[in-house]
Amino acid sequence: MSAEDKLVVLEYNKAVSELKLLESELEYYLAFVDSEKESFSNNYRNELASRDIIFPEPTDEPEEKLNREQRRKRKKVSEQIKKLYKKIAIETHPDKLAALSPKDRKRKERLFRAAATAFEEGKTSLLRDLASELEIPLPPIVKEDIASVSEDIQEKKGEVDAVKGTVAYAWTMATDPDIRDEIMATYVDFIVEAHACES
């Protein structure tokens, strides 16, 4: 392996490590906020009740999902990763799993779905991980792979920042009850003002 190739591999591994750290950080923040979700909701309802405010129950509108073609256009993967995906699909396609035990069939079906999603979303590092799990030889790492992981890093940073920018996060992080009350009062003021603008 040339010195340049070794640097590419090291840069890729560094980027993947950063991505995994961000994924763990996001998982932690989401779990942290979720652990206080009921308490936050109760405090919100209590604050509304203390002001004699009643809002209609919110309706959950389904999030608009991108179709397969839109996801593929969103992010490009290298030709090597496309070939790697095809190898994964050949080995894990449900039509080829009939002879396997139920346990092995479930595992490969799970890997097939994960690979399809990873490919559609351009998740190079996940496809490489899945191929490793299936003991499929990995293609050499190229600059496009690093660029793909770098895009994932930026996306994940945005997700982390989005969670950290929520009222629920600020309220959960506050340990002082007076600060929590102040955050909740400010939040309810904002909601009341937003509803007044809509009317």
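What counts, and where the lines are drawn
- Residues numbered from 1 in each chain as written.
- Predicted model: local features only at pLDDT ≥ 70, side-chain atom pairs only at ≥ 80, totals over all residues.
- Heavy atoms only, no water.
- Helix = DSSP H or I, 4+ residues; strand = E, 2+ residues; numbered from the N terminus.
- Buried < 20%, exposed > 50% of the residue type's maximum accessible area, 1.4 Å probe, protein only.
- Contact = heavy atoms within 4.5 Å.
- Areas by Shrake-Rupley, 256 points an atom, 1.4 Å probe, with all protein chains shown as cover.
- Core = buried A, V, L, I, M, F, W, Y, C linked by side-chain atoms within 4.5 Å.
- Patch = residues over 30% accessible without salt bridge, like charges linked within 9 Å, V, L, I, M, F, W, Y side chains within 5 Å.
- Salt bridge = Lys/Arg side-chain N within 4 Å of Asp/Glu carboxyl O.
- Lys, Arg positive; Asp, Glu negative; His and termini not counted.
- Charge placed at Lys NZ, Arg CZ, Asp CG, Glu CD.
- pLDDT = per-residue confidence, 0-100.
- Phe/Tyr/Trp six-rings, centres within 6.5 Å; stacked < 30°, edge-to-face > 60°.
- Lys NZ or Arg CZ within 6 Å of the ring centre and 35° of its normal.

(A) Here's a closer look at the overall build of the protein. On a plain count of helices and strands, the protein comes out with nine helices and zero strands. Listing the helices and strands of the protein from first to last along the sequence gives α-α-α-α-α-α-α-α-α. Burial statistics for the protein: of 199 residues in total, 31% are counted as buried. Across the protein, contacts joining residues at least 24 apart in sequence account for 74% of those joining residues at least 6 apart. Counting only carbon and sulfur atoms, one obtains 53% of the accessible surface of the protein, whose full area is about 13,600 Å².

(B) Expanded view of the nonpolar core. In terms of nonpolar packing, the biggest core is built from 25 residues, with Tyr-12, Tyr-44, Val-149, Ile-153, Val-163, Met-184 and Val-188 touching the most fellow members. For this core, the secondary-structure elements that each account for two or more residues are α1 (3–35), α2 (37–50), α7 (143–164), α8 (167–173) and α9 (177–198). Ranked by the residues each element gives to this core, the list is headed by α1, at nine residues. Ranked by size, the runner-up nonpolar core spans 17 residues in total, among them Tyr-85, Phe-119, Leu-127 and Leu-130.

(C) Representation of the side chain of Arg-128. Mapped onto the secondary structure, Arg-128 falls in helix α6 (residues 124–133). Since its relative accessible area comes to 7%, Arg-128 is described here as buried. Beyond its immediate sequence surroundings of up to four residues, Arg-128 is in contact with Tyr-12, Ile-81, Leu-84, Leu-138, Pro-139, Pro-140, Ile-141 and Asp-145.

(D) A look at a negative patch on the surface. Side chains of Asp-176, Asp-178, Asp-181 and Glu-182 sit close together on the surface and give a patch of like negative charge. Tracing the chain through its elements places Asp-178 in helix α9. On the basis of relative accessible area, Asp-178 is assigned to the exposed category, the value being 57%.

(E) A look at the confidence of the model for the protein. Looking at the protein as a whole, its pLDDT mean stands at 88, while 90% of the residues score no less than 70. For the protein, per-element mean pLDDT is lowest for helix α3 (residues 68–74), which scores 53, and highest for α8, which scores 95.

(F) Region of interest: unusual backbone geometry. Phi is positive for Asp-52, close to 55 degrees, though the residue is something other than glycine. By the element assignment, Asp-52 lies in the loop between α2 and α3. Asp-52 sits in the exposed class, given a relative accessible area of 70%. Here the phi dihedral of Glu-135 falls at roughly 60 degrees; this positive angle occurs in a residue that is not glycine.

(G) Molecular detail of the packing of aromatic side chains. Considering all chains together, one arrives at seven aromatic pairs under this definition. Measuring from centroid to centroid gives 5.6 Å for Tyr-44 and Tyr-187, while their planes differ by 50 degrees, and the two rings are tilted. In this pair, Tyr-44 sits in helix α2 while Tyr-187 sits in helix α9, placing the two residues 143 residues apart along the sequence. Assessed through its relative accessible area of 22%, Tyr-187 is described here as partly exposed. Clustering of aromatic rings is evident, with ring pairs tying together Tyr-28, Tyr-29, Phe-32 and Tyr-169. Geometry around Tyr-12 places Arg-128 over its ring, the cationic atom sitting 5.4 Å from the centre.

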